[in-house]
Amino acid sequence: SASAVDAVARALARADTVRRLEVRANADTPEDAARARRFGAQGIGLCRTEHMFLGERRKLVEEMILAGTAGARDRALAALLPLQREDFSGILEAMDGLPVTIRLLDPPLHEFLPDRTELAVRIAAAEARGDLPAAHDVELLSAVNRMHEENPMLGLRGVRLGLVVPGLVAMQVRAIGEAVAERTRAGGSPRAEIMVPLVGDVRELRIVREEVERVLGEVSAASGVPVSCPVGTMIELPRAALTADRIAAEAEFFSFGTNDLTQTTWGFSRDDVEAEFFSAYLDKGVFPVSPFETLDRDGVGRLVRMAVAEGRATRPDLKIGVCGEHGGDPDSVHFFHAAGLDYVSCSPFRVPVARLEAGRAALEETDVSDSR
Ligand code: PEP
Ligand code: MG
């Protein structure tokens, strides 16, 4: 009813005046970005770029990762550049004036490479017909076999891929920089931030950061629009949390990736929470809730607090947020408030709840009976 809607609007308005946590959304299309804005998101805390490399662009991605020659790889990257520029331009337009944290490509490799069983079947079928299998298939299978990983979530992902595939980081950064220049020339106020995934060591971040500065310098010179973007990192590996003081020297912001941080801290695969054993194990009651749903304060939470303290010891103005699923979980929002984060970022539909809980957390702060 209208009065219920009014009551919710009043509660949200009240929460917005008292909360200390900023609330952003995770979105990677202009449509999701616009929806997030309608729900009151104050920016995009995580724009994943993985989906931008699937569908029709998959072939180019295969070329880019598996390319037999530098020429083939560079052609694939050159074809991806204008597509990525469009991707980013649309999102920056939808979020004009608000921060948009764009994360560099972070694929688990198996989702991007051709299936080797399918390839093997195709080759075998050709041979069974007495035909020569396509040379391309044979080469592809051999390349995919060489890259095969038993644990793709622990493999060539995130910054590792960016450092292994020459030109990949530069292509994405150039696309971001050119989109910013284009939007700026059109009279907009684009605020792109560049986020590096799966960093475990400050040196990884330093290399990418230098590349970002180099490429944005080129974009600025070529476009005549001075473009600079803050560079930050996901904190989603225990080693990143444990070395947060060093990492902060190269990062303007941290964003906790609590999905991966939970996975790597507990040693539970985030892809297996639907497996029979996981719920059976939870049912044992050894620990009461899934750490993938409600932030585990004793373990993962301790790493979060440690990284906040050490990061800010190095850089007092370090901006810190969270963009894992926990960013929209009510109980976890209270934890992030208490841990001193600057923002939470969650799916657009959870933004109103996060706003309310952030407001409640601020109001309850002085209540000593609140053991959180
Ligand atoms: C995370 O790991 O928490 C995260 C936000 O990144 P992704 O879910 O894309 O791995
Ligand atoms: Mg992650």
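Definitions and limits used
- The written sequence of each chain sets the order in which its residues are numbered from 1.
- Key to labels: chains lettered from A, ligands numbered from 1, both in the order written.
- Predicted model: local features are reported for residues with pLDDT of at least 70 only, side-chain atom pairs are reported and counted for 80 or more only, and whole-chain, interface and lining totals are derived from all residues.
- Each helix corresponds to a stretch of at least 4 residues labelled H or I by DSSP, and each strand to a stretch of at least 2 residues labelled E; elements are numbered beginning at the N terminus.
- For the radius of gyration, the atoms used are the C-alpha atoms, and the globule rule reads 2.2 Å times the number of residues raised to 0.38.
- Any residue with 12 or fewer other C-beta atoms within 10 Å of its own C-beta is exposed, any with 20 or more is buried, and the rest are partly exposed; the C-beta atoms used are placed from the backbone.
- Here the contact rule is simple: place C-beta atoms from the backbone, and any two residues whose C-beta atoms are within 7 Å are in contact.
- Geometry is summarised by axes, namely lines fitted to C-alpha atoms with helices restricted to the contacting stretch, and by angles between N-to-C directions that run from 0 to 180 degrees.
- What sets the label is the angle itself: under 35 degrees gives roughly parallel, over 145 gives roughly antiparallel, 65 to 115 gives roughly perpendicular, and the rest give oblique.
- Left-handed is the label given to a crossing in which the near helix is rotated counterclockwise from the far helix by less than a right angle, and right-handed is the label when the rotation is clockwise.
- Any residue whose C-beta atom, as set from the backbone, lies within 6 Å of a molecule or strand is reported as near that molecule or strand.
- Residues were grouped as follows: Ala, Val, Leu, Ile, Met, Phe, Trp, Tyr, Cys and Pro as nonpolar; Asp, Glu, Lys and Arg as charged; and all remaining residues, including Gly, as polar.
- Take the number of residues in a helix, subtract one, and multiply by 1.5 Å to get its expected span.
- A pair of strands is treated as paired once DSSP finds two or more bridges between them.
- By convention a crossover is right-handed if, when the strands point away from the viewer, the path from the first strand over the helix to the second runs clockwise.
- We define the nonpolar core as any set of buried residues of the types Ala, Val, Leu, Ile, Met, Phe, Trp, Tyr and Cys, connected via C-beta atoms lying within 7 Å of each other.

The name given to the protein chain in an unreviewed UniProt entry is Pyruvate, phosphate dikinase, with Streptomyces iakyrus as the source organism.

This brings us to the overall build of the protein chain. In terms of helices and strands, the protein chain carries 16 helices and eight strands. Taken over the C-alpha trace, the protein chain has a radius of gyration of 22 Å; the compact-globule value for 372 residues is 21 Å, and the two agree within 12%. Dimensions of the protein chain along its principal axes, counting C-alpha atoms only, are 75 × 60 × 50 Å. Within the protein chain, the proportion of its 372 residues that are buried is 44%. Within the protein chain, contacts between residues separated by at least 24 positions form 71% of all contacts whose residues are at least 6 apart in sequence.

What follows deals with the packing of helix 8 (residues 168-185) against helix 9 (residues 202-223). Two quantities define a packed helix pair, namely the angle between the axes and the distance from one axis to the other. Running from N to C, helix 8 and helix 9 cross one another at 40 degrees; their axes reach a closest spacing of 9 Å. Judged by the angle between their axes, helix 8 and helix 9 are oblique. The way helix 8 lies across helix 9 gives a crossing that is right-handed. From helix 8, Val169, Ala170, Val173, Arg174, Gly177, Glu178 and Ala181 reach across to helix 9, where they touch Val208, Glu211, Val212, Val215, Leu216, Val219 and Ser223.

Around ligand 1, a shell composed of Leu46, Arg48, Asp106, Glu236, Gly257, Thr258, Asn259, Asp260, Cys323 and Gly324 is seen. No other element matches helix 12 (residues 258-266), which puts three residues into the shell around ligand 1. Here the residues of the shell around ligand 1 are counted per class, giving two nonpolar, four polar and four charged.

Turning our eyes to something else, we now look at helix 16 (residues 351-364). Between its first and last C-alpha, helix 16 extends 20 Å over 14 residues, near the 20 Å set by a 1.5 Å rise per residue. For helix 16, the complete set of buried residues consists of Val351, Ala354, Arg355, Leu356, Glu357, Ala358, Gly359 and Ala361.

Our next topic: the sheet that holds strand 7 (residues 319-322). Strand order around the closed barrel formed by eight strands is 1-2-3-4-5-6-7-8, with parallel pairing between neighbours. Taking each pair of neighbouring strands and ignoring which way they run, the sheet shows an average axis angle of 30 degrees. When strand 2 (residues 44-47) meets strand 3 (residues 99-103), the two strands line up parallel, connected through two bridges. Within the sheet, the bridge partner assigned to Cys47 lies in strand 3 and is Ile102.

Moving on, we come to the environment of Glu293. Of note, Glu293 is situated in the loop between helix 13 (276-283) and helix 14 (300-314). Take Glu293: there are 14 C-beta atoms within 10 Å of it, and that puts it in the partly exposed class. For the pair formed by Glu293 and Ser332, sequence separation is 39 residues and the distance between their alpha carbons is 8.6 Å.

Within strand 5 (residues 231-235), five of the five residues are buried, which leaves the element mostly enclosed by the surrounding structure. The handedness of the strand 4 (residues 191-196) to strand 5 crossover, carried by helix 9, is right-handed. Across three bridges, strand 5 lies against strand 6 (residues 253-256) in parallel orientation. Residue pairing for strand 6: Ile235 is matched across the bridge by Phe256.

Attention now goes to the nonpolar core. Formed by 97 residues in total, the largest nonpolar core has its most connected members in Ile44, Ile176, Ile194 and Val344. No other element matches the nine residues that helix 8 contributes to this core.

What follows covers the pairing of strand 7. Side-chain direction in a regular strand flips from residue to residue, so the side chains alternate between the two faces of the sheet. Where burial is concerned, the two faces of strand 7 agree: the one with Lys319 and Gly321 and the one with Ile320 and Val322 are both buried. Sheet analysis places strand 6 next to strand 7, joined by four bridges and oriented parallel. Opposite Phe254, over in strand 7, you have Ile320 as the bridge partner. The pairing of strand 7 with strand 8 (residues 343-346) spans two bridges and is classified as parallel. Within strand 8, the position partnered with Val322 by the bridge is Val344. Once you follow strand 7 into helix 15 (residues 330-338) and on to strand 8, the crossover reads as right-handed.

Before going further, it helps to examine unusual backbone geometry. Look at Leu198: it is not a glycine, yet its phi comes out positive at around 55 degrees. Looking at where Leu198 falls in the secondary structure, it is placed in the loop between strand 4 and helix 9. The class of Leu198 is buried, set by 25 C-beta atoms lying within 10 Å.

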